[in-house]
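Read off the chains here:
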Amino acid sequence: MNSSVYINHPLRFACDKFLIRHKPKTQRQWLQELLIMPDVDLEIDSFGSGPALELLESKMAKLLGKPRALFLHKGMIGQLCALKYHADTSGCNTIAIHPQSHIQVDELQAYHELLRLNAHFFGTLNKPFTLGDIHQLPSNLAAVCLELPTRHAGFQLPQWQNLETLNRHSKQNGYALHFDGARLFESAPYWNKSYQAITHLADSVYVSLYKSLGAMAGGIIAGDEHFIESLSPWKSRFGGDVNTVFPYVLSALWGIENYLPHIPDYCLRAKQLSQLLTEVFGQQAVPFEVQTNGFVLQLPIEKFFLDRAVLRYADKHKTWLFDKILDGPKRTSRVEIQVGNALKEWSDQEVVEALHCVISMADEIKK
C-alpha cells in the first residue's frame with residue numbers, strides 16, 4: 001500500500017502540539033529529565049555491563065515473568081538473535097510469520113538475507129490468525145514469530161483462546177513460539193491478562209522500550225537462562241555490543257515509572273475516541289476493532305490531497321497530526337492514531353475539529 005512518511009519532516013520539528021504518541025522531547029529536555037533520575041549517579045555501563053543496565057534488565061525480567069532479560073539498543077538485533085537461536089536449536093531454517101508482520105514488511109527480509117531463514121506465511125491479510133491457520137502450520141518449523149498486535153494489519157490481536165491453542169500446538173510439534181511484543185504492554189488490557197500470563201505462552205519475547213515506554217531507543221529480549229546466554233555471540237556479530245547505552249537505559253527506567261502505569265488509560269482513550277469518530281465520520285472511519293492504544297482511521301479524502309493538507313495544517317497551526325498517510329479504498333486515505341501522553345493536550349472534540357479542518361483544507365487543495 002502506497003504511503004507517505006513524515007516523521008522527519010522539518011515542519012514536524014517546528015510544531016509544539018502533537019496528536020499521536022508521546023509528545024517529543026528536545027535534546028535539552030531529554031538531558032534535564034535524565035539528570036533528575038535517581039539512578040543517574042550509578043556507575044556508567046560498558047559493553048553490556050553496569051548497575052543501571054542490570055537494574056533495567058532485572059525490572060523487565062520481573063515484569064515479563066521470565067528468568068532473564070537482555071537489553072539491546074536495536075530491537076531488530078535482538079529478534080534476529082532469537083530467531084537464530086531457535087533455528088540452530090531446532091535444526092530447521094523455516095519460521096512462520098504473518099505476511100504483514102514487522103519483520104516481513106519493515107526489515108527488508110533480514111531474517112532471510114542475513115540468517116538464510118525461509119518464511120511460511122501464517123494468517124491472511126488484515127486479519128489475526130485463526131484456529132484454521134494453526135492447523136495448517138507445517139510440522140517442521142524453527143519458530144512461529146507472532147507480532148502482538150500486528151500493526152500493519154490494523155493493530156489487531158488474536159483471540160486469547162487461539163493464543164493458548166497456538167502454545168499447545170507449538171509444544172506438541174516441537175517448535176518455539178516467539179512473541180514480537182513491541183506493543184505487548186499495550187495489548188494486555190484487551191485480554192485483561194497480566195504481562196506474565198501473556199509471556200508465559202511464549203518461549204521468548206521481545207518488547208520495545210521506545211514506543212509507549214517512551215525511551216530514547218532500545219528493546220528487551222526475555223527468556224530462560226540458557227536462551228539469554230546463548231544470544232551473546234550473535235549479539236556481538238550483529239553489532240549489539242555498544243560502548244555505553246546509559247541514555248537509553250535511564251530513559252527506559254523513567255518510562256517504566258511514568259508511562260507504563262498509564263498504558264491502560266491510553267487504550268481506553270483510544271476506544272472512546274474511536275467511538276466518537278465513527279459517530280462523526282461513519283462506521284467506515286474505523287475499519288478494524290480497536291483493541292490497543294493504536295487504531296486505523298479512514299478519512300474521506302484521497303491521500304494525494306491529505307498529504308498536502310496535513311503539512312499546510314502543521315505550518316499554519318504549529319500542530320502535528322500524523323506521521324504516516326496511506327492510500328485507503330475508494331478514494332480515501334488511512335492514518336494511524338496511537339494514543340500517548342500527547343493526547344492529554346486535546347479534548348476529543350478538538351480532535352474532531354482538527355480533522356474537519358484538515359479535510360476542508362484538502363478539499364480546497366483539490367479544487
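Residues numbered from 1 in each chain as written. Predicted model: local features only at pLDDT ≥ 70, side-chain atom pairs only at ≥ 80, totals over all residues. Heavy atoms only, no water.

Student: Talk me through the overall build of the protein; I want residue IDs and the actual numbers.
Tutor: Scanning the protein from terminus to terminus reveals 16 helices and 13 strands. Here the C-alpha atoms of the protein give a radius of gyration of 21 Å, agreeing with the 21 Å that 2.2 N^0.38 yields for 367 residues. Along the first, second and third principal axes, the C-alpha atoms of the protein reach 60 × 55 × 35 Å. With 367 residues in all, the protein has 56% of them scored as buried. Restricting the contact set of the protein to residue pairs at least 6 apart, pairs at least 24 apart contribute 76%. Entry remark: accessible area of the protein is about 16,300 Å², with carbon and sulfur atoms responsible for 51%. (Helix = DSSP H or I, 4+ residues; strand = E, 2+ residues; numbered from the N terminus. Rg over C-alpha atoms; globule rule 2.2 N^0.38 Å. Buried < 20%, exposed > 50% of the residue type's maximum accessible area, 1.4 Å probe, protein only. Contact = heavy atoms within 4.5 Å. Areas by Shrake-Rupley, 256 points an atom, 1.4 Å probe, with all protein chains shown as cover.)

Student: Mind laying out the pairing of strand β9 (residues 219-223), listing which residues take part and the relevant values?
Tutor: Across the 5 residues that make up β9, a large majority, 5, are buried. What you see with β9 is no split at all: G219, I221 and G223 on one side and I220 and A222 on the other are buried throughout. In the sheet, strand β3 (residues 68-72) pairs with β9 via 5 bridges, with the strands oriented antiparallel. For R68, the partnering residue across the bridge sits in β9 and is G223. Taken together, the 4 bridges between strand β8 (residues 204-208) and β9 define a ladder with antiparallel strand orientation. Paired with Y206 across the two strands is I221, which belongs to β9. (Pairing = 2+ DSSP bridges.)

Student: How would you summarise the sheet that holds strand β12 (residues 324-327) if you had to cite specific residues and measurements?
Tutor: Across the sheet, 4 strands lie side by side as β1-β12-β13-β10; this open sheet has antiparallel pairing. Looking at strand neighbours, the two that pair on one side only are β1 (3-5) and β10 (294-299), the edges of this open sheet. Each strand axis lies, on average, 25 degrees off the axis of its neighbour in the sheet, ignoring direction. Contacting β10 and β13 (333-338), helix α14 (residues 263-281) crosses the sheet at an angle of about 15 degrees to β10. (Axes fitted to C-alpha atoms, helices over the stretch in contact; angles between N-to-C directions.)

Student: Describe unusual backbone geometry, naming the residues involved and giving the relevant values.
Tutor: Cis geometry is found at the peptide bond from L148 to P149, where omega equals -15 degrees. Relative to the assigned elements, P149 resides in the loop between β6 (143-147) and α8 (160-173). In this structure, L108 takes a positive phi of about 55 degrees despite not being glycine. Tracing the sequence through the fold places L108 in the loop between α5 (102-105) and α6 (110-113). Taking relative accessible area as the criterion, L108 reaches 71% and is therefore assigned exposed. Here K318, not a glycine, exhibits a phi torsion of approximately 55 degrees, which is positive. As for its position among the elements, K318 is in the loop between α15 (303-317) and β11 (319-320).

Student: Give me the pattern of salt bridges: which residues, what numbers.
Tutor: Side chains that differ in charge, positive against negative, can pair when their charged atoms come close. Within this structure, the stated rule accounts for 15 salt bridges. Measuring nitrogen to oxygen at the nearest pair gives 2.7 Å for the salt bridge that ties R151 to E336. Of this pair, R151 sits in the loop between β6 and α8 while E336 sits in strand β13, and the two are 185 residues apart along the sequence. E336 shares its class with R151; the two are buried. (Salt bridge = Lys/Arg side-chain N within 4 Å of Asp/Glu carboxyl O.)

Student: Tell me what's going on with the sheet that holds strand β4 (residues 94-97), and back it up with residues and numbers.
Tutor: Strand order in the open sheet formed by 7 strands is β3-β9-β8-β7-β6-β4-β5, and the pairing between neighbours is mixed. Across the chains shown, the open sheet's two edge strands, defined by having one partner strand only, are β3 and β5 (118-121). The average angle at which neighbouring strand axes cross in this sheet is 20 degrees, direction not considered. Here β4 pairs with β5 via 4 bridges, running parallel. Bridge pairing links I97 to F121 in β5.

Student: So what's going on with the packing of aromatic side chains? Residues and values would help.
Tutor: A full pass over the atoms with the stated rule returns 7 aromatic pairs. Centre to centre, the rings of W234 and F238 are 5.6 Å apart; their planes meet at 40 degrees, and the pair counts as tilted. Its guanidinium or amino end placed over the ring of W346, K17 lies 4.3 Å from that ring's centre, counting from NZ or CZ. One Lys or Arg, R308, reaches over the ring of F304 and ends 3.6 Å from the middle of that ring. (Phe/Tyr/Trp six-rings, centres within 6.5 Å; stacked < 30°, edge-to-face > 60°. Lys NZ or Arg CZ within 6 Å of the ring centre and 35° of its normal.)

Student: Got a sec to walk through the packing of helix α2 (residues 27-35) against helix α13 (residues 246-258)? Specific residues and values, please.
Tutor: One way to put it is that α2 packs onto α13 with a least axis distance of 10 Å and a crossing angle of 70 degrees. The angle between α2 and α13 places the two elements in the roughly perpendicular class. Counting all contacts with α2, which are made through W30, E33 and L34, the residues of α13 involved are P247, L250, S251 and W254. Of the residues assigned to the contact of α2 with α13, the class counts are 5 nonpolar, 1 polar and 1 charged. (Parallel < 35°, antiparallel > 145°, perpendicular 65-115°, else oblique. Nonpolar A, V, L, I, M, F, W, Y, C, P; charged D, E, K, R; others polar.)

Student: Any chance you could break down the packing of α14 against helix α16 (residues 348-366) for me, citing the residues and the numbers?
Tutor: It is the contact of α14 with α16, at a shortest axis distance of 10 Å, that shows an interaxial angle of 45 degrees. It follows from the interaxial angle that α14 and α16 lie oblique. Our pair here, α14 against α16, has a crossing hand that is right-handed. Between α14, through R269, Q272, L273, L276, L277, V280 and F281, and α16, the contact on the second element is made entirely by D348, Q349, V351, V352, L355, H356 and I359. (Left-handed = near helix turned anticlockwise from the far one by under 90°.)

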